[in-house]
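Each chain, letter by letter, is given below.
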2 protein chains.
Amino acid sequence: MITRNAQSGGTARSVNDPTAKGKGPPANDGTAAIRTAAPTSRTEAVQDALRQAIMEQKLQPGARLPEDAIGETFGTSRTIAREALGRLAVEGLVELKPNKGAYVANPSLEEALDTFMVRRGLECTVTGLLAGKLKPGEIDALNCFIEKEHSVSGVDDRESIRLAGAFHLLLARMTGNQLLIRYVTEVVSRCSLILAMYGRPHSADCGVDEHRQIVQALVNGDASRANELMDHHLASVAGRAMLEARQERDIRDLLAPYAARIKGL
Amino acid sequence: MITRNAQSGGTARSVNDPTAKGKGPPANDGTAAIRTAAPTSRTEAVQDALRQAIMEQKLQPGARLPEDAIGETFGTSRTIAREALGRLAVEGLVELKPNKGAYVANPSLEEALDTFMVRRGLECTVTGLLAGKLKPGEIDALNCFIEKEHSVSGVDDRESIRLAGAFHLLLARMTGNQLLIRYVTEVVSRCSLILAMYGRPHSADCGVDEHRQIVQALVNGDASRANELMDHHLASVAGRAMLEARQERDIRDLLAPYAARIKGL
DNA sequence: CGTGACTATTTTGCATGCAATTAAAGTGAC
DNA sequence: GTCACTTTAATTGCATGCAAAATAGTCACG
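In this report, the structure presented in the accompanying data block is examined. Just so it is clear, the model here is predicted, and its values are computed rather than measured.

Check the secondary structure of chain A and you find ten helices and three strands. Listing each helix as α and each strand as β along chain A from the N terminus yields α-β-α-α-β-β-α-α-α-α-α-α-α. Looking at chain A alone, contacts between residues at least 24 apart form 75% of all its contacts between residues at least 6 apart. As presented, chain A carries roughly 13300 Å² of accessible surface, and 54% of it is formed by carbon and sulfur atoms.

See below:
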């Protein structure tokens, strides 16, 4: 009925920029995205866009994600949307209910704690691999990054969360361990979602100083201290976020479906 | 031209048992599979079957996995095969080359070491969560499992590797942490593939006793000792496997494509 | 006899169409 | 007015078809 053009994909190219335009300059300082490399397939493009939309809370937790709507939005077929949703489900950002459809993940408190627990283990592996092995250029990059974190601290909460995640990602990338990078990327995504859901305002602020200490310990080659700091850091981030979360969460849960219905999606 | 039946999927049911028949009784003691729950979709069924085939080395590392052939084998369309391959790629058992197709993963020595490194971190999280928290029934289950491991030790290498993996999986499941379970499942899959590729005969044998010690430490609630044991255990498994691997691997790499061509696949 | 270009075939990437499941609306009985 | 049932609409699950890319095969030419 739509008959967009011919049939095959050679022309429909509305994929490249649909949700990506919202932010500042595309300077790739690790700030921008989880994905570093340019998307190779359309599936990846849609996947990246959806991930960003979810993590920026443009798509509320619990919101429905119909294949049709997504495909149409991005100018692709349901096939692509479907596959992107499937992969995001693996990442834990999307929940896939059989025969019912895809929803933005709405992690329970328990799942949130599980995620942080796994994250602590992974990040200790990171610190273990990095302690005393950082090259001068890497140290500079980290310090520079922390500077940037400090500059937005207390100003833009959402940006703070994003940068905090990016910091941990940056560390993981320095290990060069591809699998570790993938896992840290995943848990950081999940944690960012969780913090955006459960976090109180300013909850991520005081993390900056802890980041500084961690880098210092890594530079000093003190692995166990870096581990300890990282562990404490993550535990405290989780703790700060969760403390007052219980009631608020219920309200949000209850409200989300109505909000989605009103907005029409 | 095939016109198998009508059109839709309501009837084509050759999915349920294609590669699964090769082994003993279907008693579900954790021996059988990575997947515990019955597959809900056809995609999952194919995915599980392929995973098993790969881990049993029925499909050699590096072998091509054409969508067509897989779909035909399992009595489904390429769509299903494609999606299953995609998910296995996420798990790291399949390598997906754009516009070229899917291949059974052929991890390099570096990737193998990366995997073991990540695994150590994850499994330490497992031991940390489990130390002193095991219920009597769980302890029994573990001891029973170790007994079984011991019985096949030195008899059936492939089975030993499988059981060793299943033991770690069993531990992970006892944490109840879904994400942790997923990650451990993945790394165990990968490590099983790696051990099957790189492992010398009997390389996994002496692991049984270490398993026993780990359980003992967990029962005693000695978290740090359990961690230490687990770490040492995994490092030694990795070490045993890798030691003589270098040359042999090159040969296998070179041979794999030819083997695949001869067998026609 | 080896090498390069051209063609044919295979295989992936993606879009679309049909059936089935599920959610919703509408209808009637109590 | 509420509950149960039937019907209808929306959406998923899956298969198939077409085009592009990659590979294999063929033939002319050096």
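All names here are of chain B. With their axes 12 Å apart at the nearest point, helix α6 (residues 157–175) and helix α8 (residues 207–220) run at an angle of 10 degrees to one another. Considered as vectors, α6 and α8 are oriented roughly parallel to each other. Every residue of α8 that contacts α6 at Ala164, Phe167, His168 and Leu171 is listed here: His211, Val215 and Leu218. Classifying every residue of the contact of α6 with α8 by side-chain character gives five nonpolar, two polar and no charged.

Attention now moves to the relation of the copies chain B and chain A. Taken as rigid bodies, chain B and chain A are interconverted by a rotation of 180 degrees and an axial shift of 0.0 Å, the fit giving an RMSD of 0.1 Å. Both chain copies can therefore be described as sitting about a two-fold axis. Closest approach to the rotation axis within chain B is made by the C-alpha atom of Gly121(B), at a distance of 2.8 Å. When the interface residues of chain B are mapped onto chain A, 100% of them again fall at the interface, so both copies present the same face.

So, on to the sheet that holds strand β3 (residues 101–104) of chain B. All names here are of chain B. Here we have three strands laid out as an open sheet, ordered β1-β3-β2, and antiparallel in their pairing. What marks the edges here is a single partner per strand, and that holds for β1 (64–65) and β2 (94–97). Pairing geometry for β2 and β3, over four bridges, is antiparallel. Within β3, the residue paired with Leu96 across the bridge is Ala102. With respect to the sheet, helix α3 (residues 78–91) is in contact with β1, β2 and β3, its orientation differing from that of β2 by roughly 115 degrees.

Right, let's talk about the protein's contact with DNA strand D for a bit. The full set close to DNA strand D counts 20 residues, and Arg78(A), Arg82(A), Ser77(B), Arg78(B) and Lys100(B) are the nearest of them. Sugar and phosphate atoms represent 69% of those atoms of DNA strand D found within 4 Å of the protein. A distance of 3.5 Å separates a phosphate oxygen of DNA strand D from a polar backbone atom of Glu67(A). Side-chain polar atom of Arg42(B) to a phosphate oxygen of DNA strand D: 3.2 Å apart, as the coordinates give it. For the surface near DNA strand D, the secondary structure elements donating two or more residues are α3 (78–91) of chain A together with α3 of chain B. The element that contributes the greatest number of residues to the surface near DNA strand D is α3(B), accounting for three residues. Here the residues of the surface near DNA strand D are counted per class, giving three nonpolar, nine polar and eight charged.

This brings us to the interface of chain B and chain A. Facing the 21 residues of chain B at the interface are 21 residues of chain A. Here chain B and chain A share an interface that buries about 1900 Å² over both sides, 61% of which is from carbon and sulfur atoms. On the chain B side of the interface with chain A, the three residues burying the most area are Val118(B), Leu179(B) and Tyr183(B), jointly 27% of the side's total. At the surface where chain B touches chain A, the tally comes to two salt bridges. Ionic pairing is found between Glu186(B) and Arg182(A), a salt bridge with its closest N-O pair at 2.6 Å.

Residue and element names in this part refer to chain A. Bridge count for strand β1 (residues 64–65) against strand β3 (residues 101–104) is two bridges, and the pairing is antiparallel. Paired with Leu65 across the strands is Ala102, a residue of β3. What sits between the antiparallel neighbours strand β2 (residues 94–97) and β3 is a turn of three residues, in which Asn99 has the positive phi angle 65 degrees.

Parameters at a glance
Residues numbered from 1 in each chain as written. Chains lettered and ligands numbered in written order. Predicted model: local features only at pLDDT ≥ 70, side-chain atom pairs only at ≥ 80, totals over all residues. Heavy atoms only, no water. Helix = DSSP H or I, 4+ residues; strand = E, 2+ residues; numbered from the N terminus. Contact = heavy atoms within 4.5 Å. Areas by Shrake-Rupley, 256 points an atom, 1.4 Å probe, with all protein chains shown as cover. Axes fitted to C-alpha atoms, helices over the stretch in contact; angles between N-to-C directions. Parallel < 35°, antiparallel > 145°, perpendicular 65-115°, else oblique. Nonpolar A, V, L, I, M, F, W, Y, C, P; charged D, E, K, R; others polar. Least-squares fit on C-alpha atoms with pLDDT ≥ 70 in both. Pairing = 2+ DSSP bridges. Near = heavy atom within 4 Å. Polar contact = N/O pair within 3.5 Å; in protein donor to acceptor, adjacent residues only side chain to side chain. Buried area = accessible area lost by both parts, 1.4 Å probe. Salt bridge = Lys/Arg side-chain N within 4 Å of Asp/Glu carboxyl O.

These values are about where atoms sit, not about what they do.
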